[in-house]
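Spelled out, the chains give:
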Amino acid sequence: MLGFSGTREWVYPQSIKGKFTTLRRWTFLALHLILFVTPWIVVGGQPVLLIDIPARQVFLLGSIFTASDSFFLLLILLFAAFALFFFTSLWGRLWCGYACPQTVFLETWIRPLEIWIEGDRVQRRRRDQQSWSFDRVWRKVAKWAAFLVVSLLLATAIVSFFVPARELWTGSAGGVAYSFVLIFTALWYLDFTWFREQFCNFLCPYARFQSALTDDETLLIGYDPARGEPRGGKGAAADGRCIACNKCVVVCPQGIDIRNGFQLECIQCARCVDACVSVMDKLGHRTLVEYTSMAEQAGKNVRRFRPRTVVYGGLLVALAAFGFTLASQRLPFEATVNRVPGSLFTVDPDGFIRNTYLVQITNNKPGETPVDFEVIVEGIPGAEVIAQDVQLASTETRTLPLIVRVSQDQGLGRTTPMQVRVVTPDGEIGISTTFKTGADVDSGTD
Ligand code: SF4
Ligand code: SF4
C-alpha cells in the first residue's frame, strides 16, 4: 500500500490457518489443475482447449471454431461479463479472493516460498529493516531466483493455451511463442517481486467498478462494530468485543484494517475471518469479522433474489440457452461460393452460357478421418454442372472451380437465383447465388 507520504509501505502478511484458507487451497488446486493439465488433454485428436491465433482457430472440447464463428466469442464474452455481474451482486468479490490468478499464484507459490526462505512476518520485517548482510543477501537472491523459476513455469503454462503444450514444453515451438513466454515471465516476476497488492489497488479495472455491482445486501467480509466496539478489552465482555490483538490486520495481504469498514482495497480473501475466528474461538465468542452484508449489519433481512440478481441471472440463463442452441446446430464445416473475378458470364462456342464460380470449403471436424464433400447445384433448369467432389482432412481448406452451363434455348433472364449445396455425411450448407446471362446483350464479359 501507499503510505500517507506517498511512499510504498511494504506489506508483510502473517501466515494463517483456518476454514476459509483451507477452502481456498482447494479452489487453488482446481485452478492449477486447469492451468497445467488442460493443455495436455486431447479430444478427438485435438487439444481440449487451444487458441491458435496465427491460424485463427480455437480448439474447444472436440470442436474447431474459426473466424466465421466470432459470434460465439461474443456470446462467451457476454456470458463471462454477466457471470461476473451476477456473482458479484450476490457474493461480492468472490473472484478476487478465490479465483483471480494474481491471488491464486501469490498464495500458492509466492507467500509459501517467501516464508520458507525468509521466515514469517516478524523475521522478514526485521531483516528488511537491517543493513545488508550475507544472511539477508543470500535469502533475497534465493527468493528472487525461486520467483523467477515460478514466473517462468506459470508463463509457459499460460502460453500452452496458445501453442501446443508438447511443442512448447519440449523446446520445439517457434521464436514468437518463447518471446511471449519471456514477456509473461517478466510481467509475473515484476508482480511477484514488487507490484503485488498494488495491482489490485491501482490497476485492476474490476476493483474499480465492482462497487457499482454490489448493494447493501451483497455478501461482503465485514467487522461487526456493534459487538466489537469499544475495542481494547480482554475479551471478558459477554458479547465478545474486539481485544485489539491486530491479528486480522497483520494477516491482510492488502495491508488494510477491516475494522475501519468496507474498503475498496479488500479482495475478500477471508484471511481476516480465519484470524478473528482463531482468536475468538479461544475466548469462546463468535468471530467479529465474518461474511455479512451491510443490510445484515443494520439488522435488516437479506434477499438473495433481488431485481439486479434476477436480471443478471435471467440474462445468464438466456445467453447460455441461446449459445447451446446455436452450438448444437453448428456444422463442422464452412463453405462459400464466389463468382470468378472479372466475369459475369461467357458464351461458349457451342452457344451455351457459362458462369464460373469458386467454392471454398473448410473441414472443421476434428479427428484423423477425412470428410467427403459433394457440390450440388439446384434451381437452374437444364443446367450442365461441372463440379468436383473433394475429400478434406481436419482443418484443411480447398478452393474448387464450379462451372454451370445453360443452353441459350432455355431463355433464362439476365439473373436467375441458384442454390449451391455443399453436402457431407454430417449435414449440408445451402448457399444462394445467381446465374447470369446476356439476355438482351450479345456478350456479358465485363
Ligand atoms: S480485509 Fe480481510 S478479506 Fe479483505 S483483503 Fe484484508 S484479509 Fe482479505
Ligand atoms: S482479530 Fe478480531 S479480536 Fe483481533 S483485532 Fe481483529 S477483530 Fe479484534
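Details of the structure are given in the entry above.
Please read these numbers as outputs of a predicted model, since none were measured by experiment.

**Overview of the site of ligand 2**
- Around ligand 2, a shell composed of Y223, C242, I243, A244, C245, N246, C248, R259, C276, M280 and V289 is seen.
- For the shell around ligand 2, a count of residues per class yields nine nonpolar, one polar and one charged.

**Considerations on the nonpolar core**
- If you look at the biggest cluster of nonpolar residues, it comprises 26 residues, and the most contacted ones within it are I361, F373, L402, V404, M418, V422 and F435.
- Mapped onto this core, the elements with two or more residues apiece are β8 (333–339), β10 (352–363), β11 (371–378), β13 (390–392), β14 (397–407), β15 (415–424) and β16 (427–436).
- The residues contacting V404, other than those within four sequence positions of it, are I353, R354, N355, Y357, V377, A383, E384, M418 and F435.
- Counting residues in each nonpolar core, the second largest holds 19 residues, with F20, C248, A270 and M280 among its members.

**Focus: the sheet that holds β11**
- Sheet architecture is open: four strands sit in the order β13-β11-β15-β16, paired in antiparallel fashion. At either end of the open sheet lies a strand with only one pairing partner, and these are β13 and β16. Strand-to-strand, the axes of this sheet are offset by a mean angle of 25 degrees, without reference to chain direction.
- As defined by bridge partners, β11 adjoins β15 across five bridges and the pair is classed as antiparallel. In the strand pairing of β15, E374 is matched with V423.

**Details of the pattern of salt bridges**
- Overall, the coordinates contain 30 salt bridges when judged by the stated rule.
- A salt bridge links R24 to E107; its shortest N-O distance comes to 3.2 Å. Of this pair, R24 sits in helix α1 (residues 19–37) while E107 is found in helix α4 (residues 101–118), placing the two residues 83 residues apart along the sequence. Both residues of the pair, R24 and E107, count as buried.
- A salt bridge links D69 to R330, with the nearest nitrogen and oxygen atoms 3.0 Å apart.

**A look at the packing of aromatic side chains**
- Tallying each qualifying case throughout the model produces 13 aromatic pairs.
- Ring geometry for F87 against W91: centres 5.7 Å apart, planes inclined by 20 degrees, an arrangement best described as stacked. Of this pair, F87 and W91 both sit in helix α2 (residues 70–91), four residues apart, roughly one helical turn.
- F87 gets classed as partly exposed once you look at its relative accessible area, which sits at 36%.
- Residue classification places W91 among the partly exposed positions, given a relative accessible area of 30%.
- Ring-pair connections join several aromatic residues into one group, and the members of that group are F82, F85 and Y312.
- The positively charged end of R136 is found above the aromatic ring belonging to W132, 3.9 Å away from the centroid.
- The cationic tip of R330 hangs over the ring face of F65; the distance from NZ or CZ to the ring centre is 4.2 Å.

Cut-offs applied
- Residues numbered from 1 in each chain as written.
- Chains lettered and ligands numbered in written order.
- Predicted model: local features only at pLDDT ≥ 70, side-chain atom pairs only at ≥ 80, totals over all residues.
- Heavy atoms only, no water.
- Near = heavy atom within 4 Å.
- Nonpolar A, V, L, I, M, F, W, Y, C, P; charged D, E, K, R; others polar.
- Core = buried A, V, L, I, M, F, W, Y, C linked by side-chain atoms within 4.5 Å.
- Buried < 20%, exposed > 50% of the residue type's maximum accessible area, 1.4 Å probe, protein only.
- Helix = DSSP H or I, 4+ residues; strand = E, 2+ residues; numbered from the N terminus.
- Contact = heavy atoms within 4.5 Å.
- Pairing = 2+ DSSP bridges.
- Axes fitted to C-alpha atoms, helices over the stretch in contact; angles between N-to-C directions.
- Salt bridge = Lys/Arg side-chain N within 4 Å of Asp/Glu carboxyl O.
- Phe/Tyr/Trp six-rings, centres within 6.5 Å; stacked < 30°, edge-to-face > 60°.
- Lys NZ or Arg CZ within 6 Å of the ring centre and 35° of its normal.

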